[in-house]
Amino acid sequence: MAAHDPAAGESLRTLPGDDVRQILWRFADRFDLQMVVQSTRAVARGPVARLVASGGRNSHDWTPGKNELLRAYDESGITAVFMDPEQGGFIEGPKNLALALVAFELAWVDAGAATGALAGNLALSPIHERGTKAQADHYMALAAPAKPGEDRKPWRGAFCLTEPLPYVGVDTGMLSGKATIAEWEEGKEPVLQIEKRGRFITNMGFANFVTAAVDSADPRLKGSCIVILEEGDPGTFDRGTPTRKMVHQLSSTSDPIFSLRVPASRIVGGYEVKDGVIVPRWDHGEIIEAVFKRTRVGVAVMTAAKLLSAVEPVIRYQRGRFRGAEQTKPGSLRHELGLQQREDALHRLTDVWATGEAAASLAFAAARLYDEVDPLERRKSELLAQAGVGGGRAEFAYLKKVNERAIEYLSLSRLPQGERDEARLLELANDELVRFALVDSEAGVLCPAAKLWCTGHGATVMREAVSLVGGYGITEDCPGFLGHKWMDAQLEATYEGPEAVQRRNLSVTMAQPLFLEQLRTWAGELRRIAAARPGTGACTLATAFRLWLWTFDHLTTAKDANGEKLYVGPRQGVTFRLADALCWLLASRAQILDLLELARRGPESPLAGEGLPGLLEFLGDLCHVQAAAAAGEVGRICAELTYGYNRHPAWDSEARSVCYAAEDLEALEGIISGMAGCATDVIGEGGAHPDKAGPCASCQGLHDFAALRMKLDGCLTGAQLAKDRAAQALSKVMIPEALDYPA
Ligand SMILES: Cc1cc2nc3c(=O)[nH]c(=O)nc-3n(C[C@H](O)[C@H](O)[C@H](O)COP(=O)(O)OP(=O)(O)OC[C@H]3O[C@@H](n4cnc5c(N)ncnc54)[C@H](O)[C@@H]3O)c2cc1C
C-alpha cells in the first residue's frame, strides 16, 4: 500500500469523463466534434466490441461480420468525417483533430477497427493533399456515404506504396512499380500501362480504387508519381491473398497485383507536357510526405487510447482479485482492495496511466497543430504566389528569410517587457508567414515524435498493463482486450513508417535553428509554469530541456575519440537516441500544458462542483511522475552520448594528465558544489589512484553538463511522493460496476 502523504489534499473521485477530456484536448467548444465522439463510441463499444468478443479477430479473411462494420462506419458518420460539407461531409475546416478523436474512440476497443475505418482516408489523402480539384471532387463524392434516398454504395480505397521484398519498405525510393506509356495519340489523353505489386495493403479485400506509387519506365514519362487505379480498369486488378497477420484483424490486408491501363489524367496532381515528355506535377515522395505527416498522428492516438483504456479493467481486476474466497471477508482490506493493497501493483498502474495521459496529450497536440497548419499552408502558397516566388530554390531562399524573422520573434518574445522593441514584436506576431513558419517547424517535430513515442514506447508500456492482470492478460477473455491491444500496438509502431523512419525525420527537423529556438523558449516557459504550479514536474522538465539542448550543441561540434564527427546522418547511434530523448520531453510538456488548460477552464465548467481540485491534484501528480521518468531517460541518454564517445584510457602518463588532482578538485568544489562527486578518477598525493581499470573521463570541458545533470537529479525532489499520492488515489477512485463494452 502506498505510504500516506499527509500533504495530500482532496483526492480523485471518479475516472475522468468526457467533460474533462473535452477541456484537456480542447474541444469543449466544438459541438460537432463532441457529436463525432459520441457516434463513434456507439460503434466502437457496440458492433466492434461485439465482433471482437465473439471471436471476429480469429480469421485472416474479410468476413461478412467485418464487412458489416463498413456500413456502421458510414451510418454513424465516421466515413464522412474526412470530407468537406460540399463533398458529403459535415465538418467545416480542417479535420485533423476530428479524425484523431475517431481513431481514439475506435482504438479504445480495437485499433484494427480504427485502421479499417481510417484506411480509406489514407487512400484519399494523396488526392486530398495534392490532387487536382477535379480529382478531389470526383473521388471524394464517390467515397462519401450515400445520402438519404440515394441508391449507391460508397467507393472504398486502398493506398499502395509498400512492395514485395526486396523493394519499397522503409526506403520508399526503391520502387519496382512501373508506369509506361501504352498509347499517346496526337491531341488525345495518353494512356499509361501500370505494373504494380503491393505488400500488406490495407482495405485491399474490398477496395474499388487504389492510389499507387510507381516509377517511370519510359523516357516519355519523367520520374515517379502516384496514380489512381480503379477496379474496372482494363487489365488485372488482383486483390491477392489475405496477409496472415496476428494483429488488427478487423482490417483487411493483402498483397495485390495490378496490371492495368489507365488514362494519364489519373496521375495525382496532374501533369504537363514538356518537349514531348509527360512531367507529373508531384513525384511520389512529395505526395507521401504531405500525406503521412497528417495520417501518422492518428496512429499515435490509437496506442494512446489503448493505454488509457487499460486503466479501468486493471483497477477492476486488482480490486476483485480475492473476492469470494473463504479467507476474504467483505469489509477486510483484502476484499476491498485486493491486489491494490500492494504498492508495486499501484505504482505500475500509475506509470501506465501517466504514460497514457502523456501519449494522448502529445498526439492530440499534434492533431490540433495540423488544424492550424492546414489553412496557414494554403495562405503561405497564396502569399508566395503574390510575391512572385516560384518553387524550388527561390522558395527555399524566401522561406529561409521567413525563418530568420520567426527566430527574431521568439528571441524578442523571451525578453522582459520594457527591454524589447514592442512595435517590432507586434509586427512579427502579425506576420502570417512567421506564424506559418512557427507551426510548421513545430509540426515537423511533433508528428514524428508522437508516432514514434506513443506507439513504440506505448507498446512497451502496454505490455506492463497486460502483466498487471496476470495470466488473464494474455487470453482472449481479458476484459478490455488488453492482450490484443498489446500486440496491435506493435503494428502501430510499424505501419506508416516504423520507428527508424520517425527517428530519421526527427533527426533532421529537430536540428533546425527555428525549432531549437522554440525549445529554448519552451524551457523558459516551463520554468515560469513551475513557479506558478510547483509539483507538476515542470521544473524537472525545464532542466531536462536544458540538458538536452546542451547535449545537442555539444554533439554537433564535438568529435569522438577517433576524431569523427558525432551529429551526422549515418551516426544513428547519436541522432536517433537524441530524437528518442526529445520525444520524452515533448510528451511530458504536452501533458503539463493540458493540465494547465484544465486548471484554467475547469472552474467555469460543470466540473467545478464535481471534485475538480482532487482531479487536478491527481493529474498533476501524474504529470510529475511522467516528468521524472522523462528526466531519467533524458539524463541517461545525454550522459551516455556526452561521455560515451571518449576513449576509456589506461593509467598512462597521458591519461593521468586529464585526471583531476585531489587538491584541485577540493578547490573547485568550493566554486561548483558537487564537482568532487562528478570526477570519478582522481590522482591523489604521490600519484595514487583508485583501484580500477583506468581513469574514466574527467569532467574537463563538460563542467556545465555535469552541473546540469546534477541539478536534474536534484529536480527529482518530490517525484516519488507524487507517485505515492497518485497510487493512493488509484486505490480509492470509484469505477463503474462493469465495463461498458463486452469482453
Ligand atoms: C498490417 C499491415 C498493414 C499495412 N498497410 C499498408 C498499406 O495500406 N499501404 C502500404 O503501402 N503499406 C502498408 N503496410 C506496410 C508498412 O508500412 C511497412 O511494413 C513498413 O513501412 C515497414 O516496411 P518493411 O516491412 O519493408 O520494413 P523494412 O523496410 O524491411 O524495415 C525493417 C526494419 O529495419 C530497420 N530499418 C530499415 N531501414 C532503416 C534505416 N534506413 N535506418 C535504420 N533502420 C532501418 C527498421 O527498424 C525497420 O523497422 C502495412 C503493413 C502491415 C504489417
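Analysis parameters
Residues numbered from 1 in each chain as written. Predicted model: local features only at pLDDT ≥ 70, side-chain atom pairs only at ≥ 80, totals over all residues. Heavy atoms only, no water. Helix = DSSP H or I, 4+ residues; strand = E, 2+ residues; numbered from the N terminus. Rg over C-alpha atoms; globule rule 2.2 N^0.38 Å. Buried < 20%, exposed > 50% of the residue type's maximum accessible area, 1.4 Å probe, protein only. Contact = heavy atoms within 4.5 Å. Areas by Shrake-Rupley, 256 points an atom, 1.4 Å probe, with all protein chains shown as cover. Lys, Arg positive; Asp, Glu negative; His and termini not counted. Charge placed at Lys NZ, Arg CZ, Asp CG, Glu CD. Pairing = 2+ DSSP bridges. UniProt positions renumbered as here; feature names shortened; annotations may be inferred. Near = heavy atom within 4 Å. Polar contact = N/O pair within 3.5 Å; in protein donor to acceptor, adjacent residues only side chain to side chain. Nonpolar A, V, L, I, M, F, W, Y, C, P; charged D, E, K, R; others polar. Axes fitted to C-alpha atoms, helices over the stretch in contact; angles between N-to-C directions. Parallel < 35°, antiparallel > 145°, perpendicular 65-115°, else oblique. Left-handed = near helix turned anticlockwise from the far one by under 90°. Phe/Tyr/Trp six-rings, centres within 6.5 Å; stacked < 30°, edge-to-face > 60°. Lys NZ or Arg CZ within 6 Å of the ring centre and 35° of its normal. Expected span 1.5 Å × (residues − 1). Core = buried A, V, L, I, M, F, W, Y, C linked by side-chain atoms within 4.5 Å. Salt bridge = Lys/Arg side-chain N within 4 Å of Asp/Glu carboxyl O. Disulfide = S-S within 2.5 Å.

Engineer: I would appreciate a short explanation of the overall build of the chain in the present structure.
Structural biologist: Broken down by element type, the chain carries 24 helices and 13 strands. In terms of C-alpha radius of gyration, the chain reaches 28 Å, essentially the compact-globule figure of 27 Å for 743 residues. Overall size of the chain, expressed as C-alpha extent along the three principal axes, is 90 × 75 × 55 Å. Counting every position in the chain, which comprises 743 residues, the buried fraction comes to 54%. Taking all contacts inside the chain whose residues are at least 6 apart in sequence as the whole, residues at least 24 apart take part in 75%. When the accessible surface of the chain is summed, it comes to about 31200 Å², and 53% of that surface belongs to carbon and sulfur atoms. Averaging the coordinates of the 81 positive side-chain charges in the chain and doing the same for the 96 negative ones gives two points 2 Å apart.

Engineer: Sorry if this is basic, but what is going on with the pairing of strand E11 (residues 277-280) here?
Structural biologist: Relative to E11, strand E10 (residues 271-274) runs antiparallel, the two sharing four bridges. Bridge pairing in E11 places tyrosine 271 opposite proline 280. What sits between E10 and E11 in their antiparallel hairpin is a turn of two residues, with aspartate 275 showing a positive phi close to 50°.

Engineer: Could you clarify how one ought to interpret the UniProt feature "domain: Acyl-CoA dehydrogenase/oxidase N-terminal" (unreviewed entry) in the chain in this entry?
Structural biologist: Those residues carrying the UniProt feature "domain: Acyl-CoA dehydrogenase/oxidase N-terminal" (unreviewed entry) are residues 34-141 in this numbering. Between the end C-alpha atoms of residues 34-141 the distance is 25 Å, and the span holds 69% helix and 0% strand.

Engineer: Which parts of the structure should I look at to understand the site of the ligand?
Structural biologist: Around the ligand, 21 residues are found, and the nearest of them are Thr162, Val170, Arg199, Phe200 and Thr202. Side-chain polar atom of arginine 199 to an oxygen atom of the ligand: 2.7 Å apart, as the coordinates give it. For the ligand, a nitrogen atom lies 3.2 Å from a polar atom in the side chain of arginine 504. Each residue belonging to the shell around the ligand can be placed in one class, and the counts come to ten nonpolar, seven polar and four charged.

Engineer: I tried to follow the packing of helix H5 (residues 111-130) against helix H7 (residues 284-309) on my own but got confused; where do I start?
Structural biologist: The relative placement of two packed helices is expressed as an angle between their axes plus a distance between the axes. At their nearest, the axes of H5 and H7 sit 9 Å apart, and the two run at 160° to each other. It follows from the interaxial angle that H5 and H7 lie roughly antiparallel. Of the two possible hands of crossing, H5 and H7 adopt the one that is right-handed. Contacts between H5 and H7 involve Ala111, Ala114, Thr115, Leu118, Leu122, Ser125, Pro126, Glu129 and Arg130 on the former and, on the latter, Ile287, Ala290, Val291, Phe292, Arg294, Thr295, Met302 and Lys306. Taken together, the residues that form the contact of H5 with H7 break down as ten nonpolar, three polar and four charged.

Engineer: It is not clear to me how the packing of aromatic side chains should be interpreted in this structure. Could you clarify?
Structural biologist: How two aromatic rings sit relative to each other is set out by the distance from centre to centre and by the angle between their planes. Taken as a whole and assessed by the stated rule, the structure comprises 18 aromatic pairs. With centroids separated by 5.7 Å and ring planes inclined at 45°, the aromatic side chains of phenylalanine 104 and tryptophan 108 adopt a geometry described as tilted. Residue class for phenylalanine 104 comes out buried when judged on its relative accessible area of 5%. Aromatic ring contacts, followed pair by pair, group Trp25, Phe104, Trp108 and Phe364 into a single cluster. Across from the ring centre of tryptophan 282, 4.7 Å away, lies the NZ or CZ of arginine 130, which sits over that ring. A cation over a ring is seen here: arginine 334 above phenylalanine 322, with NZ or CZ 4.0 Å from the ring centre.

Engineer: Looking at this structure, I do not really get helix H16 (residues 513-532). What am I missing?
Structural biologist: Side chains that are three or four residues apart share a direction in an α-helix, a result of its 3.6 residues per turn. Helix length check: H16 (20 residues) gives 29 Å between terminal C-alpha atoms against 28 Å at 1.5 Å per residue, within 8%. Buried within H16 are the following residues: Leu514, Phe515, Leu516, Glu517, Gln518, Leu519, Thr521, Trp522, Ala523, Leu526, Ile529 and Ala530. Buried positions along H16 lie against helix H11 (392-414), helix H13 (432-467), helix H15 (499-509), helix H17 (538-557) and helix H18 (572-601).

Engineer: What is the right way to look at the side chain of serine 361 in this model?
Structural biologist: In this structure, serine 361 sits in helix H10 (residues 343-386). Residue classification places serine 361 among the buried positions, given a relative accessible area of 3%. Apart from the residues lying within four places of it in its own chain, the contact partners of serine 361 are Trp25, Ala590, Gln591 and Asp594.

Engineer: I keep staring at the environment of threonine 243 and nothing clicks. Help me out?
Structural biologist: Among the structural elements, threonine 243 can be located in the loop between strand E7 (235-238) and strand E8 (253-254). C-alpha separation for the pair threonine 243 and threonine 253, spaced ten residues apart in sequence, amounts to 5.5 Å. Sequence-distant contacts of threonine 243, defined by excluding residues within four places in its chain, comprise His60, Phe200, Thr253, Ser254 and Asp255.

Engineer: Hey, could you run me through the environment of serine 381 in this one?
Structural biologist: Along the polypeptide, serine 381 turns up in helix H10. For the pair serine 381 and glycine 644, spaced 263 residues apart in sequence, the C-alpha separation works out to 45 Å.

Engineer: Honestly, the pairing of strand E5 (residues 209-216) in this entry has me stumped. Any pointers?
Structural biologist: Regular strands show a simple pattern: their side chains alternate between the two faces of the sheet. Within E5, seven of the eight residues are buried, which leaves the element mostly enclosed by the surrounding structure. Pairing of strand E1 (residues 157-160) with E5, which is carried by four bridges, proceeds in the parallel orientation. Along E5, the bridge assignment pairs phenylalanine 159 with threonine 211. Where strand E2 (residues 178-183) and E5 come together, two bridges link them in parallel fashion. What sits directly across from lysine 178, in E5, is aspartate 215. Two elements, E5 and strand E6 (residues 224-230), share seven bridges in a ladder whose sense is antiparallel. What sits directly across from valine 214, in E6, is cysteine 225.

Engineer: What is the right way to look at the nonpolar core in this model?
Structural biologist: The nonpolar side chains of a soluble globular protein tend to be buried with one another. Formed by 183 residues in total, the largest nonpolar core has its most connected members in Tyr73, Leu106, Met510, Trp548 and Leu598. Element by element, the count of residues in this core is highest for H10, at 18 residues.

Engineer: Teacher, can you tell me more about the side chain of aspartate 74 here?
Structural biologist: The residue aspartate 74 is located in helix H3 (residues 64-76) in this model. Among all residues touching aspartate 74, those that are not within four sequence positions of it are Thr79, Pro145, Pro154 and Arg156.

Engineer: Is there a simple way to think about the pattern of salt bridges in this case?
Structural biologist: Here the idea is simple: oppositely charged side chains can pair when their charged atoms come close. Summed over all chains, the structure comprises 55 salt bridges. Connected via shared salt-bridge partners are Asp18, Arg41, Arg45, Glu105 and Asp740.

Engineer: Can you walk me through unusual backbone geometry in this structure?
Structural biologist: A negative phi angle characterises most non-glycine residues, just as the trans form characterises most peptide bonds. Residue proline 166 is reached from leucine 165 by a cis peptide bond, and omega for that bond is 10°. Position of proline 166 relative to the elements: it lies in the loop between E1 and E2. The phi dihedral of histidine 248 falls on the positive side, at around 45°, and the residue is not glycine. Inspection of the secondary structure puts histidine 248 in the loop between E7 and E8.

Engineer: What exactly am I supposed to notice about the state of the cysteines here?
Structural biologist: Here a disulfide denotes a covalent bond joining the sulfur atom of one cysteine to the sulfur atom of another. Per the counting criterion, the structure on display carries zero disulfides. In this structure cysteine 638 is not part of a disulfide, and its nearest cysteine sulfur, from cysteine 583, lies 13 Å away. Classification of cysteine 638 as buried rests on a relative accessible area of 0%. Here cysteine 715 stays unpaired: no disulfide links it, and the sulfur of cysteine 539, its closest cysteine neighbor, is 4.3 Å away. A relative accessible area of 13% places cysteine 715 in the buried class.

Engineer: Honestly, the environment of phenylalanine 481 in this entry has me stumped. Any pointers?
Structural biologist: Residue position: phenylalanine 481 is located in the loop between H13 and helix H14 (482-494). Through-space distance from the C-alpha of phenylalanine 481 to that of serine 309 is 9.6 Å; in sequence the pair is 172 residues apart. The contact partners of phenylalanine 481, leaving out residues within four places of it in the chain, are Ala49, Val52, Ala53, Val109, Tyr741, Pro742 and Ala743.

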